[in-house]
Amino acid sequence: MGFIYIGTYAKSGGKGIYFARFDEVGGRVADLRLAAPAVNPSFLAVHPSRRFLFAASELDCYNLTKSGSISAFAIDWKSGELMPLNEVSSHGAWPCHLAADASGQNILATNYGGGSVVVLPVKQNGFVGEISTIIQHAGSSVHPTRQQKPHPHSVALSPDNRFALVPDLGLDQVLVYRFDSTRGLIGANQPPFARVQPGAGPRHCAFHPNGRFVYVINELQSTVTLFVFNAVGGTLKEVQTIPTLPHNFHGPSTAAGIQVHPTGRFLYGSNRGHDSIAIFTIQQPTGVLAPLGHVSTQGKTPRHFEIDPTGAFFIAANQDSNCIVVFRIDQKSGDLIPTGQMFEVFSPACVKFVALK
């Protein structure tokens, strides 16, 4: 048995972070309820100890001068309830993503509206301290409305915890930072970034379990770019870019989430508009992607999804149809099989698993 936590937006009725129990054998979801009130906790991260949960709150999604916040909660392993610990400023507008580093000593977050990346220390009691590093991005790219300024959209730490990768939608760059977890510092690598195609709009990225491949999903062009990652120098070399949409689809759609299956055999990416999950097989030993098809998320605007730690189940968060949907993953084909489970959650933006074993 494990827990799932769901971050939401308030604009469609979300009241904070929701909780449910999850049966990792049968894939059943039960006891869905509000775990902690919060304002727009759009993205969540779990501490490596599984004792604490952190939330990035976009306190005012339309005010670029107002800073968002990072909140810390203690997880009750019996009830699943979240006990608020503290809340600190993200020092930038619209904090849309955060990640706990492998040492458990830091939270790294991106301020989409403010154009910055921050590092915040985590104390042994789970409280978050004031920022230890803030780096402001600068520049623009070709899209006339979405790329007039920097928009760092997420942060992913390398398996060895030495590098932080930050896809910046506004710059068409994946910035690479050297990371010192002991001091809570990040600094530009050399070279400092890898480019994607102009107008692609990189959003999120995912490391392959072998640490050699990085997959970046590009929001504006609905594509995935494969980079080979050099773990010694932290460099990225582009190998492939492939569409996430069917070739015969021509409606409006933007890509969002991305995740590699724990076996390293499959990759999944979500399409908002086509409202589907694109499934790819990962070819060995090159890491190159081959399309397997698309599965409807049975709702509108799949902003985020998550694969459970066992690799057996997949939960899609359909933001604009106010529901989460559970799928079983076919371990041989990678296909997503609906389980018939659909649950109402207002404006779900993020799903995170906490395994209790």
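What you are looking at is a predicted structure, and each value in this text was computed from that prediction instead of being measured. (Residues numbered from 1 in each chain as written. Predicted model: local features only at pLDDT ≥ 70, side-chain atom pairs only at ≥ 80, totals over all residues. Heavy atoms only, no water.)

**Here's the deal with the overall build of the chain**
When helices and strands are tallied, the chain shows zero helices and 28 strands. Its C-alpha atoms give the chain a radius of gyration of 19 Å, near enough to 21 Å, the size a compact globule of 357 residues would have. Each of the 357 residues in the chain was classed as buried or not, and the buried ones make up 59%. Expressed as a percentage of contacts within the chain between residues at least 6 apart in sequence, the contacts between residues at least 24 apart total 49%. When the accessible area of the chain is evaluated, it comes to approximately 13,600 Å², of which 55% is carbon and sulfur surface. Each charge class in the chain was averaged separately, 27 positive and 23 negative side chains, and the resulting centres sit 3 Å apart. (Helix = DSSP H or I, 4+ residues; strand = E, 2+ residues; numbered from the N terminus. Rg over C-alpha atoms; globule rule 2.2 N^0.38 Å. Buried < 20%, exposed > 50% of the residue type's maximum accessible area, 1.4 Å probe, protein only. Contact = heavy atoms within 4.5 Å. Areas by Shrake-Rupley, 256 points an atom, 1.4 Å probe, with all protein chains shown as cover. Lys, Arg positive; Asp, Glu negative; His and termini not counted. Charge placed at Lys NZ, Arg CZ, Asp CG, Glu CD.)

**A look at the pattern of salt bridges**
Within this structure, the stated rule accounts for nine salt bridges. A salt bridge links Glu219 to Arg146, with the shortest nitrogen-to-oxygen separation between them at 3.0 Å. Highlighted residues: Glu219 in the loop between strand E17 (213-218) and strand E18 (223-230) and Arg146 in the loop between strand E11 (133-136) and strand E12 (156-157), separated in sequence by 73 residues. With a shortest N-O distance of 3.9 Å, Glu306 and Lys352 are connected by a salt bridge. In this pair, Glu306 is assigned in strand E24 (residues 302-307) and Lys352 in strand E28 (residues 348-355), connecting sequence segments 46 residues apart. This pair shows no difference in class: Glu306 is buried, exactly as Lys352 is. (Salt bridge = Lys/Arg side-chain N within 4 Å of Asp/Glu carboxyl O.)

**Here's the deal with the sheet that holds E18**
Ordered in space as E16-E17-E18-E19, the four strands form an open sheet in which the pairing is antiparallel. At either margin of the open sheet sits one strand with a lone partner, and together these are strand E16 (202-207) and strand E19 (235-243). Taking the axes of each pair of neighbouring strands and ignoring which way they run, one obtains an average angle of 25° across the sheet. (Pairing = 2+ DSSP bridges. Axes fitted to C-alpha atoms, helices over the stretch in contact; angles between N-to-C directions.)

**Some points on the packing of aromatic side chains**
Considering all chains together, one arrives at 11 aromatic pairs under this definition. Seen from their ring centres, Phe3 and Phe19 are 4.9 Å apart, and the 75° between their planes marks the pair as edge-to-face. Of this pair, Phe3 sits in strand E1 (residues 2-8) while Phe19 is found in strand E2 (residues 16-22), placing the two residues 16 residues apart along the sequence. Phe19 gets classed as buried once you look at its relative accessible area, which sits at 1%. Here Phe22 and Phe313 contribute two aromatic rings whose centre-to-centre distance is 5.8 Å and whose plane-to-plane angle is 80°, an arrangement assigned as edge-to-face. One end of the pair, Phe22, is in strand E2; the other, Phe313, is in strand E25 (residues 313-318), with 291 residues separating them in the sequence. Residue classification places Phe22 among the buried positions, given a relative accessible area of 0%. Ring-pair connections join several aromatic residues into one group, and the members of that group are Tyr268, Phe305, Phe314 and Phe327. (Phe/Tyr/Trp six-rings, centres within 6.5 Å; stacked < 30°, edge-to-face > 60°.)

**Quick look at the environment of Arg146**
We classify Arg146 as partly exposed; its relative accessible area is 25%. Put simply, Arg146 and Val216 are 70 residues apart on the chain and 18 Å apart in space, counted from C-alpha to C-alpha. With residues near it in sequence (within four places) discarded, Arg146 still touches Tyr112, His151, Leu169, Gly170, Glu219 and Leu220. Here the side chain of Arg146 touches Tyr112 through a polar contact of 3.2 Å, side chain to side chain. Here Glu219 takes part through its side chain, which lies 3.0 Å from a polar atom of the side chain of Arg146. (Polar contact = N/O pair within 3.5 Å; in protein donor to acceptor, adjacent residues only side chain to side chain.)

**Examining the state of the cysteines**
Across all of its chains, the model carries zero disulfides by this definition. No disulfide involves Cys323; its nearest neighbouring cysteine sulfur is the one of Cys350, lying 16 Å away. Using a relative accessible area of 5% as the deciding quantity, one classes Cys323 as buried. (Disulfide = S-S within 2.5 Å.)

**Looking at the side chain of Glu306**
Taking relative accessible area as the criterion, Glu306 reaches 12% and is therefore assigned buried. Aside from chain neighbours lying at most four places away, what touches Glu306 is Gln259, Phe313, Phe314, Ile315, Val351, Lys352 and Phe353.

**Looking at the sheet that holds E28**
The sheet built from four strands is open, its strands ordered E3-E2-E1-E28 with antiparallel pairing. Two strands lie at the open edges of the sheet, namely strand E3 (29-37) and E28, each paired on one side alone. On average, adjacent strands in this sheet sit at an angle of 25° to one another, irrespective of strand direction.

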